[in-house]
Amino acid sequence: MAGDAGGYSPLFHTALEEHAAARRRLPEHESLPRVAEQLVRDEMMLDGNARLNLATFVGTWMDDEAKAIYADAFDKNMIDKDEYPQTAAIEESCWRMLADLWHAPDPATSIGTSTIGSSEACMLAGLALKRRWQHARRAAGKPVDRPNLIMSSAVQVCWEKFCNYWDVEPRFVPISEEHPVLDGSGLDALVDENTIGVVAIMGVTYTGMYEPVAKIAAVLDAIQKERGLDIPIHVDGASGAMVAPFLQPDLEWDFRLERVHSINTSGHKYGLVYPGLGWVVWRSEDLLPDDLIFRVSYLGGQMPTFALNFSRPGAQVLLQYYVFLRLGRTGFRAVQSDSRAVAMHLAHGIAEIGAFTLWNDGSDIPVFAWRLTAGHTENWTLYDLQDRLRMRGWLVPAYPMPDDLGDHVVQRIVVRNGLSMDLADRLLADIRTETAFLDALTAPMPTDRPRPGFHH
Ligand SMILES: *Cc1c(COP(=O)(O)O)cnc(C)c1O
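Residues numbered from 1 in each chain as written. Predicted model: local features only at pLDDT ≥ 70, side-chain atom pairs only at ≥ 80, totals over all residues. Heavy atoms only, no water.

Caption draft 1: Summary view of helix H4 (residues 85-101). Between its first and last C-alpha atoms H4 spans 24 Å; for 17 residues at 1.5 Å apiece the expected length is 24 Å, and the two agree. Elements in contact with the buried residues of H4: strand E1 (111-115), helix H9 (244-247), strand E7 (278-282), strand E8 (294-298), strand E9 (301-305) and helix H10 (315-353). Just beyond H4, the residue with positive phi is histidine 103, at close to 60°. (Helix = DSSP H or I, 4+ residues; strand = E, 2+ residues; numbered from the N terminus. Expected span 1.5 Å × (residues − 1). Contact = heavy atoms within 4.5 Å.)

Below, the structure is given as structure tokens:
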């Protein structure tokens, strides 16, 4: 056993550590637990600080009670419904609460599931759309080989994956200065008898803006009237489906709109749980074709499951249940409106600096983006500001907008539970200081460095 000669254990000077540099091969020998732990912890130190990571939507803070539950639950496998029947029952409670929160007309006939994240949830929802379309087409004696799905060019990458993996043609409605989100315009030209559905996003990843789902539904209503095509909507509420019910309760984006067949959200985003947890709910069972469902043994009976993975952690489902019980509706409203207040405070502070033009102000979900005001400078870009902020520990990504707006580089802040007003003021001060530093340059910053990619 390396490194514990005579009870003296030189943690930072061990045989294993000498070998660590190689790191491509499983070590030949065992090492003491604390030596191995130290090696892992040393590497973890080199990651960014999660709390200062304003790029991610994903939860980076939970309270101590949640951590205690987590520690007691990380051995639970979600698929073992027979062995952990109560975890399975809690999973069902959670999606039923979501069906109710999202105004399913009869939550008792809704159906849903937890997933590893919104990406899996979107795959499942997309598969249901595709399979239903196939059944209807086959029943009518029509071909099923060319399905298409309509969405904004600013969709999250999971929709491009869905289309790629399951042979569905993606039809993108390009966003533009006049139409910064999918708003129904351009749909009529793209919809046809092969359209399996339209994706509407509550909280566009690039900017945090809501797409007007009711307006999109109204356009599809008109299309049905004129052309007889009944096109369903899936709402990608990865972030917004856990914000809108509390901050914009009167906004009709959910199952109140009949055309909305299914909704997904990320439990690990504004559901306030550590990664990875997602949810998908269908307004009623008939919208999820039975031939997609597998049955696993459960309490001597059969439990329906619809998932891409088999084994997956069950702990996050328990954490979600804890957060639901802990916060309730008033608690969620308080947490999300605090985050929104911080986002809007930051947005207004950044607008006041004078160098930037806001894309939006964080009043939908607590996320906003800005660009460098046209004509402000030739000497630096938002990538330079991103780098300067990174030197101070802040991760605030800059990235180009999609397609037609690709010339516009924006920078985005995602405000999550845990970014206090006090911390936000420190960030604002750092943005001011670094902007002043960049504005004082008398020559352009070198621009040949590789640019980091978009943080979805
Ligand atoms: C984050 C996000 C996703 C993907 O969610 P994961 O939970 O990270 O898999 C999908 N759609 C939108 C709009 C998102 O913001």
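There's more to say after this.
Caption draft 2: Expanded view of the packing of aromatic side chains. With the rule as written, the count across this model stands at 12 aromatic pairs. When the ring of tyrosine 206 is compared with that of tyrosine 399, the centres are 5.9 Å apart and the planes differ by 65°; the resulting orientation is edge-to-face. Taken together, the positions of tyrosine 206 in the loop between strand E4 (195-201) and helix H8 (213-227) and tyrosine 399 in strand E12 (residues 398-400) put the pair 193 residues apart, joining distant regions of the chain. With a relative accessible area of 9%, tyrosine 206 lands in the buried category. Take tyrosine 399: its relative accessible area is 0%, and that puts it in the buried class. Between phenylalanine 246 and phenylalanine 332 the ring centres are 4.9 Å apart and the planes differ by 10°, which places this aromatic pair in the stacked class. Highlighted residues: phenylalanine 246 in helix H9 and phenylalanine 332 in helix H10, separated in sequence by 86 residues. Chaining the aromatic ring pairs together yields one cluster made of Trp159, Phe162, Tyr165 and Trp166. Stacked on the ring of phenylalanine 57, the Lys or Arg lysine 269 has its end atom at 4.8 Å from the ring centre. Of note, arginine 388 hangs over the ring of phenylalanine 437, and the distance from its end group to the ring centre comes to 3.7 Å. (Phe/Tyr/Trp six-rings, centres within 6.5 Å; stacked < 30°, edge-to-face > 60°. Buried < 20%, exposed > 50% of the residue type's maximum accessible area, 1.4 Å probe, protein only. Lys NZ or Arg CZ within 6 Å of the ring centre and 35° of its normal.)

Caption draft 3: Representation of the pattern of salt bridges in the model. Counted by the stated rule, this structure contains 22 salt bridges. Between arginine 96 and glutamate 92 there is a salt bridge, and its shortest N-O distance comes to 2.9 Å. Taken together, the residues span about one helical turn, with arginine 96 and glutamate 92 both in helix H4 at a distance of 4 residues. Since its relative accessible area comes to 31%, glutamate 92 is described here as partly exposed. Note that arginine 259 and aspartate 221 form a salt bridge whose closest N and O atoms lie 2.8 Å from each other. Pair noted here: arginine 259 is in the loop between H9 and strand E6 (260-266) and aspartate 221 is in helix H8, with a separation of 38 residues, a long-range link. Each member of the salt-bridge network shares a partner with another, and the members are Arg388, Arg392, Asp430 and Glu434. (Salt bridge = Lys/Arg side-chain N within 4 Å of Asp/Glu carboxyl O.)

Caption draft 4: Quick look at the environment of serine 420. Take serine 420: it is sitting in the loop between strand E13 (409-414) and helix H12 (421-439). You can call serine 420 partly exposed: its relative accessible area is 35%. Sequence-wise, serine 420 and glutamate 92 are 328 residues apart; in three dimensions their C-alpha atoms are separated by 33 Å.

Caption draft 5: Region of the structure containing the environment of alanine 424. With respect to the element layout, alanine 424 can be found in helix H12. Ignoring anything within four residues of it in the chain, the contact list for alanine 424 reads Val342, Leu346 and Leu419.

Caption draft 6: Highlighting the packing of helix H5 (residues 118-139) against helix H6 (residues 157-165). One way to put it is that H5 packs onto H6 with a least axis distance of 9 Å and a crossing angle of 45°. By the angle class used here, H5 and H6 are oblique. H6 is crossed by H5, and the crossing has right-handed handedness. For the pair formed by H5 and H6, the contact residues are Ser119, Cys122, Met123, Gly126 and Leu127 on the first element and Cys158, Trp159, Lys161 and Phe162 on the second. Considered class by class, the residues forming the contact of H5 with H6 number 6 nonpolar, 2 polar and 1 charged. (Axes fitted to C-alpha atoms, helices over the stretch in contact; angles between N-to-C directions. Parallel < 35°, antiparallel > 145°, perpendicular 65-115°, else oblique. Left-handed = near helix turned anticlockwise from the far one by under 90°. Nonpolar A, V, L, I, M, F, W, Y, C, P; charged D, E, K, R; others polar.)

Caption draft 7: Region of the structure containing the sheet that holds strand E5 (residues 233-236). An order of E1-E7-E6-E5-E4-E2-E3 is seen for the 7 strands of this open sheet, with the pairing classed as mixed. Two strands in the sheet have a free side with no partner beyond their single neighbour: E1 and strand E3 (169-173). On average, each strand axis in the sheet is tilted by 20° relative to the strand beside it, whichever way the strands run. As paired elements, strand E2 (residues 148-152) and E3 share 5 bridges and run parallel to each other. The residue of E3 that forms the bridge with asparagine 148 is glutamate 169. Most of the contacts of H5 go to E7, to which it runs at about 25°, and overall it touches E1, E2, E4, E5, E6 and E7. (Pairing = 2+ DSSP bridges.)

Caption draft 8: Focus on the site of the ligand. Close to the ligand lie 13 residues; Ser118, Ser119, Asp236, His268 and Lys269 are nearest. At 3.3 Å, a side-chain N or O of threonine 205 approaches an oxygen atom of the ligand. The fraction of the free accessible surface of the ligand (380 Å²) that becomes covered by protein chains is 90%. Residues belonging to the shell around the ligand are distributed by class as follows: 3 nonpolar, 8 polar and 2 charged. (Near = heavy atom within 4 Å. Polar contact = N/O pair within 3.5 Å; in protein donor to acceptor, adjacent residues only side chain to side chain. Areas by Shrake-Rupley, 256 points an atom, 1.4 Å probe, with all protein chains shown as cover.)

Caption draft 9: Region of the structure containing the nonpolar core. Judged by nonpolar contacts, the single largest core of 103 residues is most densely connected at Trp102 and Leu149. Broken down by element, the residue count for this core peaks at 10 residues, all from H10. Two domains share this core, each providing at least three of its residues, namely domain 2 (67-323) and domain 3 (337-439). (Core = buried A, V, L, I, M, F, W, Y, C linked by side-chain atoms within 4.5 Å. Domains from an automatic or database assignment.)

Caption draft 10: How the structure looks around the sheet that holds strand E10 (residues 356-358). The 4 strands lie next to each other as E10-E11-E13-E12, forming an open sheet whose pairing is antiparallel. Of all the strands in the sheet, just E10 and E12 have a single pairing partner and so form its edges. Between one strand axis and the next, the sheet turns by 40° as a mean value, whatever way the strands run.

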